[in-house]
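Breakdown of the fold
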Amino acid sequence: MMIEYFGRHGCKQFIRGKPIRFGYKIWSLASSSGFVHQMEPYVGSHTHLVETGLGQGPSVVLGLAEKAEVPPGVKFYHDNLFTTLSLVDEMTLRGYGSCGTMRQTQLHNVPFTAPQTFKKTPRGDAEYLVEAEKLIVRWNDNSVVTVVSNMEREFTETEAKRWNKQKRTMDKVRQPKCIQDYNTHMGGVDLHDQFVSRYRVNIRSKKWWWPCFSWALNSAMVNSWCYYRSWKSGEKDLLSFQRLVAQTLLLRHGTKPSRQGRRSSVAVAITDATRFDNLNHWPCNTGSRYKRCKNCGGRTSFACGKCDVPLHVECFKKYHTE
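We now turn to the structure provided with this report. Since the structure is predicted, the reported quantities are computational estimates derived from the model, not experimental observations.

Describing the overall build of the protein chain
Counting its regular elements, the protein chain contains 9 helices and 15 strands. Relative to a compact globule of 322 residues, whose C-alpha radius of gyration would be 20 Å, the protein chain shows 28 Å and is clearly more extended. Dimensions of the protein chain along its principal axes, counting C-alpha atoms only, are 90 × 50 × 40 Å. Taken over 322 residues, the protein chain has a buried fraction of 36%. Taking the contacts inside the protein chain whose residues are at least 6 apart along the sequence as the reference set, 41% of them involve residues at least 24 apart. When the accessible surface of the protein chain is split by element, carbon and sulfur atoms take 52% of a total near 20300 Å². Across the protein chain, the 47 positively charged side chains and the 28 negatively charged ones have centroids separated by 14 Å.

Shown next as structure tokens:
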């Protein structure tokens, strides 16, 4: 993941082709739903991840798994920046499932057809090799894709739909099952990035640490929302959830404006969850000057003791139930 930053700092990175090209780089371990389990800032040779001797990519995957204390039996999906044959072998020894796309330079002595030649074969063609408890598959899609997996010992195929430009229809093509599984479960980190970018903190500062701090707040909010969705089956979208959290924090820790007059923008808002919870709502005489009833707009000296909202006694029940 990338944290946008345009100032001067020794840890700032430039990655061509990324939606955020300038900023701090964060190694992340996320689930398919976008929940981030572990992250580590990239600071060159001083990055706090274990050195496995297998290269940077495998060290990142194994280091994040160790820091997150991932139990054996969990399946990992990673792109070609991290995938090597040695990583898959090490993941097998540790009891992890591993599946990822590979670059041509990492295949070494695997006897596959060259990508330029294999590209000329019909779409959907595949070649595979089963070697040392791992399956290596090369498939011709819009481009040549190579995937390695230790979760399958036999080559199996399913069907996928692809657009045919000449016929202008959707064609069914054969697709290796390991590639279908990869497409299904991959992309949790990108999904988390997408959620963070929707309603990010827009307060700007020239301090180098401020983008990291504001991004951490946004990331924590997205993680909370992902956990809430898994528990409540997605009753609220991200924006409604953030509003609920903000209003609850203001209600619990906020302070009211000290002077009368125009309502302050930081005034505490009463959430619907508090208004309709049917707990400890009692009318009380404030003893102060008359205020406008929240329900009918008339003058009253009574208010709800919990919500602190001016209400006639006659309007009390209607306000808390409708």
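With respect to the nonpolar core
Formed by 16 residues in total, the largest nonpolar core has its most connected members in W215 and W225. Ranked by residue count, the leading element in this core is helix α6 (residues 210-232), at 6 residues. Contacts of W225, omitting those with residues within four sequence positions, involve F195, K236, D237, L238 and F241. With 15 residues, the next largest nonpolar core counts W27, Y42, M91 and Y96 among its residues.

Observations regarding the environment of A132
Within the fold, A132 resides in the loop between β7 (126-131) and β8 (134-140). Linking A132 and R153, residues 21 residues apart in sequence, is a C-alpha distance of 9.5 Å.

Considerations on α6
For α6, with 23 residues, the first-to-last C-alpha span of 33 Å sits near the 33 Å given by 1.5 Å per residue. When α6 is considered as a whole, its buried residues turn out to be W210, P211, S214, W215, N218, S219, M221, V222, N223, W225, C226 and Y228. Phi turns positive one or two residues past the end of α6, at S233, with a value near 60°.

Section: the packing of helix α1 (residues 56-67) against helix α2 (residues 85-93)
Between α1 and α2, the shortest axis-to-axis distance is 9 Å and the interhelical angle comes to 25°. Classified by the angle between their axes, α1 and α2 sit roughly parallel to one another. The handedness of the crossing between α1 and α2 comes out as right-handed. On the side of α1, the interface is formed by P58, V61 and L62, while α2 contributes L87, E90 and M91. The class makeup of the residues in the contact of α1 with α2 is 5 nonpolar, no polar and 1 charged.

Quick notes on helix α9 (residues 313-321)
For α9, the complete set of buried residues consists of C315, F316, Y319 and H320. Buried residues in α9, looked at end-on, bunch into an arc of 125°, giving them a common side. Summarising the geometry of α9, the exposed residues directed more than 90 degrees from the buried face are E314, K317 and T321.

Quick notes on the packing of aromatic side chains
Evaluated as defined, the whole model comprises 11 aromatic pairs. Consider the rings of W27 and F82, whose centres lie 5.6 Å apart with planes at 70°: the pair is edge-to-face. Of the two residues, W27 is situated in strand β3 (residues 22-30) and F82 in the loop between β5 (75-78) and α2; the sequence distance between them amounts to 55 residues. Look at F82 and you get buried, because its relative accessible area is 16%. What links up through ring pairs into an aromatic cluster is the set F6, F14 and F22.

Some thoughts on the sheet that holds β7
Strand order across the open sheet formed by 5 strands is β5-β6-β9-β8-β7, with mixed pairing between neighbours. Pairing within the sheet leaves two strands with one partner each, and these edge strands are β5 and β7. Ignoring strand direction, the axes of neighbouring strands in this sheet form an average angle of 10°. Looking at chain direction, strand β6 (residues 97-101) and strand β9 (residues 144-149) are connected through 3 bridges and run antiparallel. Counted as the bridge partner of G100 is V148 from β9.

Parameters at a glance
- Residues numbered from 1 in each chain as written.
- Predicted model: local features only at pLDDT ≥ 70, side-chain atom pairs only at ≥ 80, totals over all residues.
- Heavy atoms only, no water.
- Helix = DSSP H or I, 4+ residues; strand = E, 2+ residues; numbered from the N terminus.
- Rg over C-alpha atoms; globule rule 2.2 N^0.38 Å.
- Buried < 20%, exposed > 50% of the residue type's maximum accessible area, 1.4 Å probe, protein only.
- Contact = heavy atoms within 4.5 Å.
- Areas by Shrake-Rupley, 256 points an atom, 1.4 Å probe, with all protein chains shown as cover.
- Lys, Arg positive; Asp, Glu negative; His and termini not counted.
- Charge placed at Lys NZ, Arg CZ, Asp CG, Glu CD.
- Core = buried A, V, L, I, M, F, W, Y, C linked by side-chain atoms within 4.5 Å.
- Expected span 1.5 Å × (residues − 1).
- Axes fitted to C-alpha atoms, helices over the stretch in contact; angles between N-to-C directions.
- Parallel < 35°, antiparallel > 145°, perpendicular 65-115°, else oblique.
- Left-handed = near helix turned anticlockwise from the far one by under 90°.
- Nonpolar A, V, L, I, M, F, W, Y, C, P; charged D, E, K, R; others polar.
- Arc of directions from axis to C-beta.
- Phe/Tyr/Trp six-rings, centres within 6.5 Å; stacked < 30°, edge-to-face > 60°.
- Pairing = 2+ DSSP bridges.

Just geometry here; none of it tells us what the structure is for.
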